[in-house]
Amino acid sequence: MKQSEFQNCAMCGKGMLHRGSPFFYRATVAQMVCDIRAIQRQHGLETMLGGNGALATAFMDEDLAQPMTEKTICICSDCAITGTLPLAVLLDE
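Residues numbered from 1 in each chain as written. Predicted model: local features only at pLDDT ≥ 70, side-chain atom pairs only at ≥ 80, totals over all residues. Heavy atoms only, no water.

Participant: Would you take a moment to explain the side chain of serine 77 for this structure?
Facilitator: Relative to the helices and strands, serine 77 is located in helix α3 (residues 77–82). Within the structure, the side chain of serine 77 is placed 3.3 Å from the side chain of serine 21, a separation counted as a polar contact. Polar contacts involving the side chain of serine 77 include one to the main-chain carbonyl oxygen of phenylalanine 23, which spans 3.4 Å. In this structure serine 77 touches Ser21, Phe23, Phe24 and Tyr25, once residues within four positions along its chain are discounted. (Helix = DSSP H or I, 4+ residues; strand = E, 2+ residues; numbered from the N terminus. Polar contact = N/O pair within 3.5 Å; in protein donor to acceptor, adjacent residues only side chain to side chain. Contact = heavy atoms within 4.5 Å.)

Structure below.
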């Protein structure tokens, strides 16, 4: 990870080493939305095949959800252990 890729902690806003620990977390957070029509099609095919989901997936394996927003964030080790910020808030920065 290059210096230009470092960010302040998404939860506390401080640098990654502010508590002295060399460990931190880098995560990609994505808000997903279900494709209801695709789910209905998949369910219908499973029903027609007697509830066999594996067989239905062999015939039709389309995406049942799509990402709406996605963000890569850094979280200091202190916040990763003790933080209580809701995950959805991290997407709104």
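Participant: I would appreciate a short explanation of the nonpolar core in the present structure.
Facilitator: In summary, soluble globular proteins display a tendency toward joint burial of nonpolar side chains. One finds Cys9, Ala10, Met16, Val29, Ile73, Cys74, Ile75, Cys76, Cys79, Leu90 and Leu91 forming the largest nonpolar core, which totals eleven residues. Those elements that place two or more of their residues in this core are β2 (65–76) and α4 (87–91). No other element matches β2, which puts four residues into this core. Residue contacts for cysteine 79: discarding those within four places in its chain leaves Cys9, Met11 and Cys12. (Core = buried A, V, L, I, M, F, W, Y, C linked by side-chain atoms within 4.5 Å. Buried < 20%, exposed > 50% of the residue type's maximum accessible area, 1.4 Å probe, protein only.)

Participant: Looking at this structure, how should I read helix α1 (residues 36–48)?
Facilitator: Given 3.6 residues per turn, any residue in an α-helix points the same way as the ones three and four places further on. End to end, α1 covers 18 Å across 13 residues, agreeing with the expected 18 Å (1.5 Å per residue, within 8%). Taken as a whole, α1 has its buried residues at Ala38, Gln42 and Leu45. For α1, the buried positions fall inside an angular range of 65 degrees around the axis, keeping them on one side. Facing away from the buried surface of α1 by more than 90 degrees, the exposed residues are Ile36, Arg37, Gln40, His43, Thr47 and Met48. Next to the buried residues of α1 lie α2 (53–59). Just beyond α1, the residue with positive phi is glycine 50, at close to 75 degrees. (Expected span 1.5 Å × (residues − 1). Arc of directions from axis to C-beta.)

Participant: Is there a simple way to think about the packing of aromatic side chains in this case?
Facilitator: Describing an aromatic ring pair means giving the distance of the ring centres and the angle of the ring planes. Under the criterion given, the structure shown has one aromatic pair. Taken together, a centroid distance of 5.5 Å and an interplanar angle of 50 degrees make the contact between phenylalanine 6 and phenylalanine 24 tilted. Taken together, the positions of phenylalanine 6 in the segment before β1 (24–34) and phenylalanine 24 in strand β1 put the pair 18 residues apart, joining distant regions of the chain. The class of phenylalanine 24 is partly exposed, set by a relative accessible area of 26%. (Phe/Tyr/Trp six-rings, centres within 6.5 Å; stacked < 30°, edge-to-face > 60°.)

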